[in-house]
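Chain residues, written in single-letter form:
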Amino acid sequence: MASPKVAVVGAGVIGLSTALCITETCPSCSVTVLSDQFSPNTTSDVAAGILIPHTYPDTPIHRQKQWFKETFTYLFAISNSAEASEAGIHLVSGWQVFKSTPKKGLPFWSDIVLGFRPMSKAELQKFPEHRFGQAFTTLKCDNPPYLLWLEKRLKATGAQMYTRKVADLWELHSEYDIVVNCAGMGAQQLVGDKQLFPVRGQVLKVHAPWVKHFIRDGDGLTYIYPGIHRVTLGGTREKGSWSLSPDSGTARDIFDRCCSLEPSLQGAQDIEVKVGLRPARQCVRVQREVLSQGGVKLPVVHNYGHGAGGFSVHRGTANEAAHLVGECISALQGSSSRAKL
Amino acid sequence: MRVAVIGAGVIGLSSALCIHEQFHDLVPSLELEVYADRFTPHTTSDGAAGLWQPYLSDHGNLQETLWNKETFDYLLGHLHSPAAKEMGLFLISGYNLFTEPVPDPSWKNIVLGFRNLTPKELKLFPGYSYGWFNTALMLEGRIYLPWLTNRLTQRGVKFFHKKVESFQEVSGDGVDVVLNCSGVRAGHLQPDPELQPGRGQVIKVLAPWVKHFIITHDLKSRIYNSPYVIPGSEFTVLGGIYQHGNWSEENSAKDHKSIWDSCCQLLPALQKAKIVEEWSGLRPARPSVHLERESIRLGNLQAEVIHNYGHGGFGITIHWGCAMAAARLFGSILQEKKRLASPPGPRL
């Protein structure tokens, strides 16, 4: 197969990074990204993009750790280069604070982020309602800049991008050899995955440029993530809610919770409310499949279900998905040479 | 009781505020006047990035370490107040980088979360093999000085735009105390060979992705003669110039290139930063801060002068401790003049 034609469905951080990885591991592939939404209208655009992993209950920890490590290493190199500001990648330090001391020991990612250590008593004085905390330095991907940078890198490889709502993967079988499903929440309809469910997240994006640290409550519900131009204040985790409409009562509640962590936010300006549906799943689906219909086969690689942790593991899962695409190509080449016999 | 304050940088304004806050109720006749040839945004304090960080070594000057601590604790106490934003006050973390191991600084327990850098962190800074990470405070001069000015104006303190040439000029006419906060030009009022300009130059850029301060150190050279990057609330300050004895306030192209090249090497991401402004200023350098009382004979009058100048590159870092010390000196002057101790009662 001289130039395998690969379609990537989805243009959020997963679709774009997977497409990019495919162009890197398979330079002879022709890659096309198809999505009904592109930045700034994807779920990824709502997310703060901070690299603090979400733990998937059913994915082995060593695999999650590997994904996070690859993502962190990849972004770390970009943050330290001249491209950092265009790519929207920057280091940020801060604190994760707990109202009650967590039972489990160190998080699996504590040796991947920088300078991880327990907070001192003096540091905890800033958080009178919290009894324990961890300080560390991690990375943040600002969006839309990071997504636009991925798009730019993709275009430079010759990859194509089209706005198109794919209702059924079989739509693509005549034009493409392999389909990569990075449809996020859209995978529920696209492949009928009932294990996938939305977790609604509402955030505020505000102007508060004096906030230089992230602050996250260990319960994961309240967080402050400073980006390049805006600070993301969150949030909510509403399982099963499909509503994309901002709720003003929720906005008020988020603001109040964040102000109690960081009182100076009272002076925040230009408050913008955004909503995204995290594509949640007990484990991220990074998997090869061959669909079959009336004697026709369609190789599919799935890469979706990253829930609250998409940015933290995106490059790792993209690498794995690209590797699976490579396997699909080998299988196709194997079967086509068999067909020639 | 009239008090003339000479100088409207961070030292002059904060000393004035400290004295007024402490003594206005006790001395209802207290009148403060601030005289300066330069006001914000044209003072030395306005050009400083505003990072709270003393020099690496206190040279055994425990008093200055205590003033630094007093300032840090005072500011930390205001961090959660509604005034913090209007003061230009916020927390900031960052890196101090060295090419060899160094002893911990006198201020390691004053700042928050002080620790050594890990090997992975040092990978960020090729050429540096040792360093510290800590959380400190930013107090931006160009925001703090207007805030101080507003507080003083609200209290009825008067401001006079005037180049004061001598203590005599302000001390006649019923002025009881002169607060000499004249910074680098204090030598014009009274010779002080120990006071020298420590010329600095900075480039202000737009680089809002930089969230940490980075201060490098070249132990063979003086402090601040090695690149540093300090992000403010709006601009990021790039610097690394300290020229002892240089009185020039003109921006130097050579210094610009040195700052730009060395900071971009330190943080490659800065290459894309937009340059907004260039500024030169003169740090009022002195082996130690001149903070003491002096009685000066001017003609047949005796004036009490409180000197408070010579804070080098750590004026913002030490300002409140010094203001409190100046206020204590003022208090002792009041006691001597029996202003504090006079009991209320009928006048004869």
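Residues numbered from 1 in each chain as written. Chains lettered and ligands numbered in written order. Predicted model: local features only at pLDDT ≥ 70, side-chain atom pairs only at ≥ 80, totals over all residues. Heavy atoms only, no water.

Chain B has the name D-amino-acid oxidase in an unreviewed UniProt entry, where Callaeas wilsoni is given as its organism. Taken directly from UniProt, the Sequence similarities (unreviewed entry) text for chain B runs: "Belongs to the DAMOX/DASOX family." Quoted verbatim from the Cofactor (unreviewed entry) field of UniProt, the annotation for chain B is "FAD". (UniProt positions renumbered as here; feature names shortened; annotations may be inferred.)

As annotated in an unreviewed UniProt entry, chain A carries the name D-aspartate oxidase and comes from Callaeas wilsoni. Per UniProt, chain A has the following entry under Function (unreviewed entry): "Selectively catalyzes the oxidative deamination of acidic amino acids. Suppresses the level of D-aspartate in the brain, an amino acid that can act as an agonist for glutamate receptors. Protects the organism from the toxicity of D-amino acids. May also function in the intestine."

Colleague: Hey, could you go over the state of the cysteines for me, with residue numbers and the actual values?
Modeller: One pass over the structure, following the stated rule, counts one disulfide over all chains. The residue that forms a disulfide with A:C26 is A:C29, at a sulfur-sulfur distance of 2.2 Å. What sets the handedness of the A:C26 and A:C29 disulfide is the S-S torsion sign, and at about 85° it is right-handed. Given the relative accessible area of 13%, A:C26 is considered buried. Judged by relative accessible area, A:C29 falls into the buried class, the value being 10%. Take B:C18: it sits in no disulfide, and the sulfur closest to it among the cysteines is that of B:C322, at 11 Å. (Disulfide = S-S within 2.5 Å. Buried < 20%, exposed > 50% of the residue type's maximum accessible area, 1.4 Å probe, protein only.)

Colleague: Mind laying out the packing of aromatic side chains, listing which residues take part and the relevant values?
Modeller: By the definition in use, this model includes 26 aromatic pairs over all chains. Seen in terms of ring centroids, B:W107 and B:F114 are 6.2 Å apart; in terms of plane orientation they differ by 85°. Their pairing is edge-to-face. Here B:W107 and B:F114 have matching classes, each one buried. Counting every residue linked through ring pairs, the aromatic cluster contains B:F98, B:W107, B:F114, B:Y130 and B:W132. The aromatic ring of A:Y74 is capped on one face by A:R315, whose charged end is 3.8 Å from the ring centroid. (Phe/Tyr/Trp six-rings, centres within 6.5 Å; stacked < 30°, edge-to-face > 60°. Lys NZ or Arg CZ within 6 Å of the ring centre and 35° of its normal.)

Colleague: Describe the side chain of B:E140, naming the residues involved and giving the relevant values.
Modeller: All names here are of chain B. Looking at the element boundaries, E140 is found in the loop between β5 (130-139) and α6 (141-154). Despite its burial, E140 remains without a salt bridge, the nearest opposite charge being carried by R142 at 4.4 Å. Of the polar contacts made by the side chain of E140, one reaches the side chain of S233; its length is 2.6 Å. With sequence-adjacent residues up to four places away left out, E140 is seen in contact with A49, M87, G88, F90, G232, S233 and E234. (Helix = DSSP H or I, 4+ residues; strand = E, 2+ residues; numbered from the N terminus. Lys, Arg positive; Asp, Glu negative; His and termini not counted. Salt bridge = Lys/Arg side-chain N within 4 Å of Asp/Glu carboxyl O. Polar contact = N/O pair within 3.5 Å; in protein donor to acceptor, adjacent residues only side chain to side chain. Contact = heavy atoms within 4.5 Å.)

Colleague: Explain the pattern of salt bridges to me, using residue names and the numbers behind them.
Modeller: Residues and elements named next belong to chain A. This structure, assessed with the given rule, holds 35 salt bridges over all chains. Two residues, E86 and K152, come together in a salt bridge whose shortest N-O distance is 2.8 Å. On the criterion of sequence distance, the pair formed by E86 in helix α4 (residues 84-87) and K152 in helix α6 (residues 145-157) is long-range, its members being 66 residues apart. Across the pair E289 and R285 runs a salt bridge, and its minimum N-O distance is 3.3 Å. Classification of R285 by relative accessible area gives buried; the value is 15%.

Colleague: Let's hear about the layout of surface pockets: which residues, and what values?
Modeller: All names here are of chain B. In this structure, the second largest pocket encloses a volume near 600 Å³. For the second largest pocket, the lining is made up of 29 residues, of which Y55, L56, S57, H59 and I223 are closest to its centre. A per-element tally of the lining of the second largest pocket places helix α3 (residues 62-78) first, with three residues. (1 Å grid on protein atoms, 1.4 Å probe; cavity = no way out; pocket = protein on both sides within 12 Å on 5 of 7 lines; lining within 4 Å. Points joined across faces, edges and corners; volume = space filled by probe spheres on them.)

Colleague: How would you summarise helix α8 (residues 248-261) of chain A if you had to cite specific residues and measurements?
Modeller: All names here are of chain A. Taking 1.5 Å as the rise per residue, α8 with 14 residues should run 20 Å; its terminal C-alpha atoms sit 20 Å apart, in good agreement. Taken together, the buried positions of α8 are T250, A251, I254, F255, C258, C259 and L261. An end-on view of α8 places all buried positions within 170° of arc, on one side of the element. Turning to α8, the residues buried within the fold contact β3 (89-98), β8 (197-207), β9 (213-217), β10 (223-226), β11 (231-234) and β13 (269-280). The N-capping residue of α8, defined by a side-chain oxygen 3.1 Å from the backbone nitrogen of G249, is D247. (Expected span 1.5 Å × (residues − 1). Arc of directions from axis to C-beta.)

Colleague: Before we move on, could you go through α3(B) and cite the residues and values that matter?
Modeller: For α3(B), built from 17 residues, the straight-helix expectation of 24 Å at 1.5 Å per residue is met to within 8% by its first-to-last C-alpha distance of 25 Å. Elements that come into contact with the buried residues of α3(B) comprise α4 (83-87), β3 (89-98), β5, α6, β14 (290-298) and α10 (315-336) of chain B.

Colleague: Kindly report on the sheet that holds strand β14 (residues 285-293) of chain A, identifying the contributing residues and their values.
Modeller: All names here are of chain A. Spatially, six strands are ordered β6-β2-β1-β7-β15-β14 in an open sheet, and the strand pairing comes out mixed. Edge strands, defined here as strands with exactly one partner in the open sheet, are β6 (160-163) and β14. Across the sheet, the mean angle separating the axes of adjacent strands is 20° when strand polarity is ignored. Alignment of strand β1 (residues 5-9) against strand β2 (residues 30-35), held across five bridges, turns out to be parallel. Residue pairing in the sheet places V8 in a bridge with V33 of β2. Seen against the sheet, helix α1 (residues 13-25) touches β1, β2, β6, β7 (178-181) and β15 (296-304) and runs at an angle of roughly 175° to β2. (Pairing = 2+ DSSP bridges. Axes fitted to C-alpha atoms, helices over the stretch in contact; angles between N-to-C directions.)

Colleague: Give me empty space enclosed by the protein: which residues, what numbers.
Modeller: Within the structure shown, the criterion is met by five cavities of 30 Å³ or more. Taken as a whole, the second largest cavity spans an internal volume of roughly 200 Å³. Taken together, 16 residues make up the lining of the second largest cavity; nearest its centre are A:S79, A:L91, B:W209, B:H212 and B:L267. Contributions of two or more residues to the lining of the second largest cavity are made by β3 of chain A together with β9 (212-216) of chain B. For the lining of the second largest cavity, the leading source of residues is β3(A), giving three residues. When the residues that make up the lining of the second largest cavity are grouped by side-chain class, the tally is eleven nonpolar, four polar and one charged. (Nonpolar A, V, L, I, M, F, W, Y, C, P; charged D, E, K, R; others polar.)

Colleague: Could you give an account of the UniProt feature "binding site: FAD" (unreviewed entry) in chain A, with specific residues and numbers?
Modeller: Residue and element names in this part refer to chain A. UniProt's feature table lists "binding site: FAD" (unreviewed entry) at T43, S44 and V166, given in the numbering used throughout. Considering the arrangement of structural elements, one finds S44 in helix α2 (residues 43-46). With a relative accessible area of 9%, S44 lands in the buried category. With respect to the helices and strands, the residue V166 is situated in the loop between β6 and β7. Residue V166 is classed as buried on the basis of its relative accessible area, which comes to 9%. Apart from the residues within four sequence positions on either side, V166 is in contact with V9, L34, E171, L172 and L190.

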